[in-house]
Amino acid sequence: MSGGNSGVELIKNGKRLDGRRPDEMRNVTIQAGVLHRADGSAYLEWGGNKVLAAVYGPREAVPRHTQDPNRAVVKCRYNMAAFSVDDRKRPGPDRRSQEISKVIGEAFENVILTEEFPRASVDVNIEILEAEAGTRCAGLTAAAVALADAGIPMKGLIAACAAGKVNDTVVLDLGKAEDNFGQADLPVGYNPHTGEIVLLQMDGHLSPEQFDEAMTMAVEGCKKLYEIQKQALYGRYSDAGSRDHSGGAE
Ligand code: ADP
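Residues numbered from 1 in each chain as written. Predicted model: local features only at pLDDT ≥ 70, side-chain atom pairs only at ≥ 80, totals over all residues. Heavy atoms only, no water.

Visitor: How would you sum up the pattern of salt bridges? Please name residues and give values.
Guide: Taken as a whole and judged by the stated rule, the model has 19 salt bridges. Close ionic contact of Arg-64 with Glu-60 constitutes a salt bridge, the shortest N to O distance being 3.7 Å. In this structure Arg-64 comes out as exposed when scored by relative accessible area, which is 61%. Judged by its relative accessible area of 52%, Glu-60 is exposed. Between Asp-149 and Arg-236 there is a salt bridge, and its shortest N-O distance comes to 2.8 Å. Of this pair, Asp-149 sits in helix 2 (residues 135-149) while Arg-236 sits in helix 4 (residues 208-238); the two residues are 87 residues apart in sequence, bridging distant segments of the chain. (Salt bridge = Lys/Arg side-chain N within 4 Å of Asp/Glu carboxyl O. Buried < 20%, exposed > 50% of the residue type's maximum accessible area, 1.4 Å probe, protein only. Helix = DSSP H or I, 4+ residues; strand = E, 2+ residues; numbered from the N terminus.)

As structure tokens, this is what we get:
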């Protein structure tokens with residue numbers, strides 16, 4: 001990500017490298033309840049991203065010193081598989097995955113009714129099987145479905161989508177080249193029930209007007225994702241017993 005225009009042509013005749021319009025999201029599909037052992041789970045494909053989310057809890061938090069007598073703690077672990085990118089990613093936690101785990105965990109602390117489960121933990125595991133930019137948004141969106149699938153009480157289903165700027169144009173949902181050579185990336189987590197922003201990060205430069213435009217676009221993206229999330233959950237529960245339902249595409 002460079003703050004200035006990189007000189008790489010990312011928009012031609014109003015279309016992006018993969019043919020999308022500036023306000024168009026990559027294709028998204030979600031399946032809920034794909035794992036048998038987890039309390040809740042979801043599998044999401046978003047463009048070239050493939051993400052598995054598994055939720056356990058609420059269960060007694062261990063080790064005990066991690067317990068909070070007043071509420072449940074949300075333990076979020078985002079991990080990129082070694083084979084998820086072209087160059088082998090060194091396995092294990094690194095600064096980036098710790099940061100992403102922290103911001104996604106904080107987003108969920110905002111919506112999970114943690115005060116109903118003192119001393120418990122809600123464990124949110126996000127595995128990025130294939131990565132192609134936007135994995136924190138994809139991870140949060142998948143994990144929200146897994147939390148709902150686990151029956152964890154929440155203020156609402158949250159979703160996340162990024163907007164950004166490439167070739168001085170505000171665009172929705174940056175692809176890999178746009179992430180590498182674009183001018184700004186603004187991942188936004190949103191709760192459609194309350195209108196609250198639950199995650200906000202920014203890389204690069206945007207004018208105040210461009211920031212407003214990008215925020216509006218990202219929130220619209222989240223609202224579309226919310227519909228796909230709901231379809232995944234309806235699919236799961238309208239035919240209990242089957243664990244293979246597509247959440248539908250954008
Ligand atoms: P996000 O995935 O949320 O957009 P970043 O902006 O940090 O987060 O990463 C952008 C993309 O860069 C990732 O989706 C992935 O495709 C790629 N990437 C991230 N970390 C690595 C890594 N260690 N090795 C190779 N590619 C990576």
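Visitor: So what's going on with unusual backbone geometry? Residues and values would help.
Guide: Here the bond from Gly-57 into Pro-58 is cis, since omega is 0 degrees, no more than 30 degrees from zero. Cis peptide bonds are those with omega within 30 degrees of zero, and the linkage from Val-62 to Pro-63 qualifies with -10 degrees. Secondary-structure assignment places Pro-63 in the loop between strand 5 (49-60) and strand 6 (73-80). Positive phi is not limited to glycine here, since Asn-167 has a value of about 45 degrees. Here the phi dihedral of Asp-168 falls at roughly 65 degrees; this positive angle occurs in a residue that is not glycine. Structurally, Asp-168 is set in the loop between strand 8 (159-166) and strand 9 (169-172).

Visitor: Can you explain the site of the ligand? Please cite residues and give values.
Guide: What surrounds the ligand is the set Met-80, Val-85, Lys-89, Arg-96, Ala-131, Glu-132, Ala-133, Gly-134, Thr-135, Arg-136, Lys-176 and Asp-179. The backbone of Gly-134 places a nitrogen or oxygen atom 2.8 Å from an oxygen atom of the ligand. Look at the ligand: alone it shows 540 Å² of surface, and the protein chains cover 75% of it. Judged by the proximity of its atoms to the pocket grid, the ligand belongs to the largest pocket. Looking at the shell around the ligand, the elements with two or more residues in it are helix 2 and helix 3 (176-181). Across the shell around the ligand, the residue classes break down as 4 nonpolar, 2 polar and 6 charged. (Near = heavy atom within 4 Å. Polar contact = N/O pair within 3.5 Å; in protein donor to acceptor, adjacent residues only side chain to side chain. Areas by Shrake-Rupley, 256 points an atom, 1.4 Å probe, with all protein chains shown as cover. 1 Å grid on protein atoms, 1.4 Å probe; cavity = no way out; pocket = protein on both sides within 12 Å on 5 of 7 lines; lining within 4 Å. Sits in = over half its atoms within 2 Å of the grid points. Nonpolar A, V, L, I, M, F, W, Y, C, P; charged D, E, K, R; others polar.)

Visitor: I'd like a rundown of the side chain of Thr-141, residues and numbers included.
Guide: Counting through the fold element by element, Thr-141 comes out in helix 2. From its side chain, Thr-141 meets the backbone oxygen of Cys-137 in a polar contact 2.8 Å long. Leaving out residues up to four positions away in the same chain, Thr-141 has contacts with Ile-30, Leu-44, Trp-46, Ala-159, Ala-160, Leu-225 and Gln-229. (Contact = heavy atoms within 4.5 Å.)

Visitor: Account for the sheet that holds strand 7 (residues 120-130), with residues named and values stated.
Guide: Pairing within the open sheet is mixed, and its 5 strands lie in the order 3-4-5-7-6. Strand pairing shows two members of the sheet lacking a second neighbour, strand 3 (28-32) and strand 6, which therefore form its edges. Adjacent strand axes in the sheet meet at a mean angle of 15 degrees when their direction is disregarded. Bridge count between strand 5 and strand 7: 9 bridges; the pairing is antiparallel. Note on strand 7: the bridge partner recorded for Leu-52 is Glu-127. Helix 1 (residues 95-111) rests against strand 6 and strand 7 of the sheet, and its axis sits at about 145 degrees to strand 6. (Pairing = 2+ DSSP bridges. Axes fitted to C-alpha atoms, helices over the stretch in contact; angles between N-to-C directions.)

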